[in-house]
Amino acid sequence: MTSTPSSKRTSSNSARQPTDEHETDMEDLSQVLRHRREKFDALRERGIEPFAYNFSPTAVASDAIADFEAREKAEELPEDGFSDRVKIGGRIVGWRDMGRSIFAHIEDSSGRIQLYFKKNLLGEESFETLGLLDISDWIGVEGPTFRTRTGEVSVQVESYELLTKSMRPLPFGKVETDPETGERTVHSGFQDTEMRYRRRYADLAVHPEVRETFRTRSRIVTALRSFLDAEGFLEVETPVLQPLYGGASAKPFTTHHHALDQKMYLRIADELYLKRLIVGGLDRVYEISKDFRNEGLSRVHQPEFTMLEWYQAFSDYEDQMDLVERMVLHVLDEVMGSRTLKLGEHEIEVEAPFRRLGLVSGLSEALGRDVHEMTEEELRAKAEEVGAPDLHGAGRGKLIDKLFGELIEPDLIHPTFVIDHPKELSPLAKPHRSDPRLTERFELYIGGAEIFNAFSELNDPVDQRERFEAQTALREAGDEEAQQIDEDYIRALEYGMPPTGGVGMGVDRLVMMLTGQPTIRDVILFPILRNEE
RNA sequence: GACCCGGUAGCUCAGCUGGCAGAGCAACUGACUUUUAAUCAGUAGGUCGUGGGUUCGAGCCCCACCCGGGUCACCA
C-alpha cells in the first residue's frame, strides 16, 4: 500500500468541483456531516434503504438480558452457552471495531445491550456494510444471547438491518462503568445548557436520566388524575382564549380573533370558569391546563406552565387541606414509592398532618408584636429595614406579604400550610369566619417554594363586586396585575354558588420537588428560549 | 428589566503581557475474531457569537449588538 488512504481521499475531494447545488451544499457541510452523507450515498448505491418502514422486536434490551440471566441461573442454557434468539431494535451508542469482529452497544427504551458481530457468521458483504454504520443510527438485530468472556450478556448478531441512517452524530459521552460499584462515569458528554434545551431531542437521546425525569412527570400527572377521579371529580376543559382574563394577578398574553374582530387573552388561570361550573351543579370539577403569564423567567417561572385546579362544592379550606395532604401522599406512594424527599441538601420525611402557620400570626411572632396593631408606616419601615424590595404603592396587605416573604418563607422547607392571608391580597377568597381582616386561604410550601394555593371560595356576589372594584382602583393606581371586573362571573354568583373549596397547584413545581430538579426548565420538555438568530 | 459570568473544531475545554489556532474524545485511513472510555499507527477538521474600532499585528484590548447561564425583582 504505497499511497496513503488519506491522500486518496484528499485528492478526490480537491478534484470535486461544485457543479450543482447539491455539491455546493456538500462543500458547506462540516467534515463530520459530509462523511455521514457519503455513507448514506454509499448505502443507496449498494441497494440498502437507509430509512426502513418498520421492525418487529421480540424483546427489549433489559428483558433480553433478564431472560438470559434467568435461564442461566436455572441452568437451562444449552452446552454452547447460547440462549434463545431475540430481535431487538435500538440506536447505536457505542462501537468497537476489532477487525474481523465488532462489539457495539445499542440502546432502546429499556436500556443498553451489547452486540457482537463476527465476519465469518455474517458473511463478507454484510460485514463490510457494517462499515457504513455510525453511532446514532437505528438498527434491528437478530441472534442468540450469550455471555462474553468478560461477562457481559450480549447478542451474537446473525442478521441485522438498518432502520434509520443518522445524518448527524449525537454527542454521546463515553460511559465508563466501574465493574466493582457499577457506578457510571460519563466522559465529555453534552453539557451546553442552551443546546440541551434548544435541541431537547438530542438531550433526551443522549441522557437516559432526562428521559426518566419526563417519564416520572407523566406518572405524577396520571397519579393526580386518578386520585381526583377516585374522589368523584370530573375532568373538564374551559377556554384558553378568553375575552377577559382573571382568577390570578398576572399580566396576560394578548391576541386577536379576526372573524370576530375581537381582542382575546390567553388564560392566566382557570378559576372563574371552573367556579361557573360549580354554579351549574357540576359539584366536583378539575382541569389540568396550560396557563400563560406574560412575566419574567426564572428557576421557578416559565411564561407557559401547567396548572391543576379543582373545586369541590360543600367544602371549605380546612377540607381542602386534608385533601391536599392525602393527594401529596398518594403521589409519593404511587409514583415515588417513598415518602422521603431530597431537596438540595435537605432530606425530609413527608408525614400528615402538615404544619400549619398563620401568615399574620406567624409574622407577629417573628416580629415580637401584633401585626394588626402596627400602622402602615411601621410596617413599611420594618419592610425597608429587612431589605424587602419594590415597596412602591404597597398597602398593608402587600407589606405584610413582603415581610412574610423576607422573614419566614425561605425556611419553609418541610411541607407547611401558610394560612389566613390578609383580605386585600385575596380578592376571590371568602372572609375568615372569625376575623374579617383575613381570608380563609392557604398556600402549601415545600422546599421553600409555593406549590398549592387555595381558598374557601368567595360566593357572595355583592362582596365579590366590591373586591373587584377595589382591584380596579389598584389598577388605576398603576398595578398592571390587578384583576379586571368580570360582570358575567358576578352574574353567575348571583344565581348561587354553594359553599366551595378550591385549589390551584403548579404541576411543574410539584414535579421539580419530587424529581429533585433544580430548575423548572428541567421538567418542561421545550422551555421557552429567545429565538435563535 | 438591572447586575455578574460565559460563547474557540461535531462534543468537552485550554489558549500567559497582543506575536504562526491547541488538546482529549468523536470523524477519516490502516492493523487487530471476546472488546467495553478497546488498543496501536497515521490523516483531516476553525467565520475564535456578530459588527465596528485601536494596533505593524487582535481569540486576547475598546465600543455596540446577539445568544445563554446565574443572581435580583414580579407572579405559580
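In what follows, the structure referred to is the one given above.
Residues numbered from 1 in each chain as written. Chains lettered and ligands numbered in written order. Predicted model: local features only at pLDDT ≥ 70, side-chain atom pairs only at ≥ 80, totals over all residues. Heavy atoms only, no water.

> So what's going on with the packing of helix α13 (residues 376-385) against helix α14 (residues 396-407)? Residues and values would help.
Axis separation between α13 and α14 bottoms out at 10 Å; the angle between their running directions is 30°. Considering their axes alone, α13 and α14 lie roughly parallel with respect to each other. In this structure, α13 meets α14 at a crossing whose hand is left-handed. Listed contacts from α14 to Glu 376, Leu 379, Arg 380, Lys 382 and Ala 383 of α13 are Arg 396, Leu 399, Ile 400 and Leu 403. Classifying every residue of the contact of α13 with α14 gives 5 nonpolar, no polar and 4 charged. (Axes fitted to C-alpha atoms, helices over the stretch in contact; angles between N-to-C directions. Helix = DSSP H or I, 4+ residues; strand = E, 2+ residues; numbered from the N terminus. Parallel < 35°, antiparallel > 145°, perpendicular 65-115°, else oblique. Left-handed = near helix turned anticlockwise from the far one by under 90°. Contact = heavy atoms within 4.5 Å. Nonpolar A, V, L, I, M, F, W, Y, C, P; charged D, E, K, R; others polar.)

> How would you explain the packing of aromatic side chains if you had to name every residue and give the values?
Throughout the structure, instances matching the rule amount to 11 aromatic pairs. Consider the rings of Phe 103 and Tyr 116, whose centres lie 4.7 Å apart with planes at 20°: the pair is stacked. A residue pair is termed long-range when its members are at least 10 positions apart, and Phe 103 in strand β2 (residues 101-108) and Tyr 116 in strand β3 (residues 111-118) qualify at 13 residues. Under the relative-accessibility criterion, Tyr 116 is labelled buried at 16%. Taken together, a centroid distance of 5.9 Å and an interplanar angle of 85° make the contact between Phe 117 and Tyr 160 edge-to-face. A residue pair is termed long-range when its members are at least 10 positions apart, and Phe 117 in strand β3 and Tyr 160 in strand β6 (residues 159-164) qualify at 43 residues. This pair shows no difference in class: Phe 117 is buried, exactly as Tyr 160 is. Seen from the ring of Tyr 273, Arg 276 lies directly overhead, with NZ or CZ sitting 4.7 Å from the centre. Note that Arg 284 overlies the ring of Phe 233, its terminal NZ or CZ placed 5.9 Å from the centroid. (Phe/Tyr/Trp six-rings, centres within 6.5 Å; stacked < 30°, edge-to-face > 60°. Buried < 20%, exposed > 50% of the residue type's maximum accessible area, 1.4 Å probe, protein only. Lys NZ or Arg CZ within 6 Å of the ring centre and 35° of its normal.)

> Please set out the sheet that holds strand β17 (residues 355-358) residue by residue, giving values where relevant.
Overall, mixed pairing links the 8 strands, which are arranged β9-β13-β14-β23-β22-β21-β18-β17 in an open sheet. Strands at the two margins of the open sheet, each flanked by one partner only, are β9 (234-235) and β17. Here strand β21 (residues 441-446) pairs with strand β22 (residues 449-456) via 6 bridges, running antiparallel. Within β22, the residue paired with Arg 441 across the bridge is Phe 455. Where helix α17 (residues 507-515) meets the sheet, it contacts β14 (304-313), β21, β22 and β23 (500-506), and its direction lies at approximately 60° from that of β23. (Pairing = 2+ DSSP bridges.)

> Go over the layout of surface pockets with me, naming the residues and quoting the values.
Approximately 950 Å³ is the volume attributed to the second largest pocket. Around the second largest pocket sit 25 residues that line it, and Arg 96, His 105, Gln 114, Glu 152 and Val 175 are the ones nearest its centre. Among the elements that line the lining of the second largest pocket, the one with the most residues is strand β1 (residues 85-97), at 4 residues. For the lining of the second largest pocket, the residue count by class is 10 nonpolar, 9 polar and 6 charged. (1 Å grid on protein atoms, 1.4 Å probe; cavity = no way out; pocket = protein on both sides within 12 Å on 5 of 7 lines; lining within 4 Å. Points joined across faces, edges and corners; volume = space filled by probe spheres on them.)

> Account for the sheet that holds strand β12 (residues 262-266), with residues named and values stated.
Hydrogen bonds between backbone atoms are what pair the strands of a sheet, whose relative direction is either parallel or antiparallel. Taking strand neighbours across the sheet as the criterion, the 3 strands line up as β10-β12-β11 in an open arrangement whose pairing is antiparallel. A strand with exactly one partner marks an edge of an open sheet, and here the two such strands are β10 (241-242) and β11 (254-257). Bridging between β10 and β12 involves 2 bridges; their strand directions are antiparallel. For Leu 241, the partnering residue across the bridge sits in β12 and is Leu 266.

> Tell me about the pattern of salt bridges, residues and numbers included.
The full count for this structure, using the stated rule, is 43 salt bridges. The salt bridge partner of Arg 267 is Glu 287, with a shortest N-O separation of 3.1 Å. Remark: Glu 287 occurs in strand β13 (residues 284-292) and Arg 267 occurs in the loop between β12 and α10 (271-279); sequence separation between them is 20 residues. Between Arg 433 and Glu 440 there is a salt bridge, with its nearest N and O atoms 2.5 Å apart. Judged by its relative accessible area of 60%, Arg 433 falls in the exposed class. A single network of salt bridges, built from pairs that share partners, joins Arg 36, Lys 39, Asp 134, Asp 137 and Lys 165. (Salt bridge = Lys/Arg side-chain N within 4 Å of Asp/Glu carboxyl O.)

In short, shape yes, function no, at least from these values alone.
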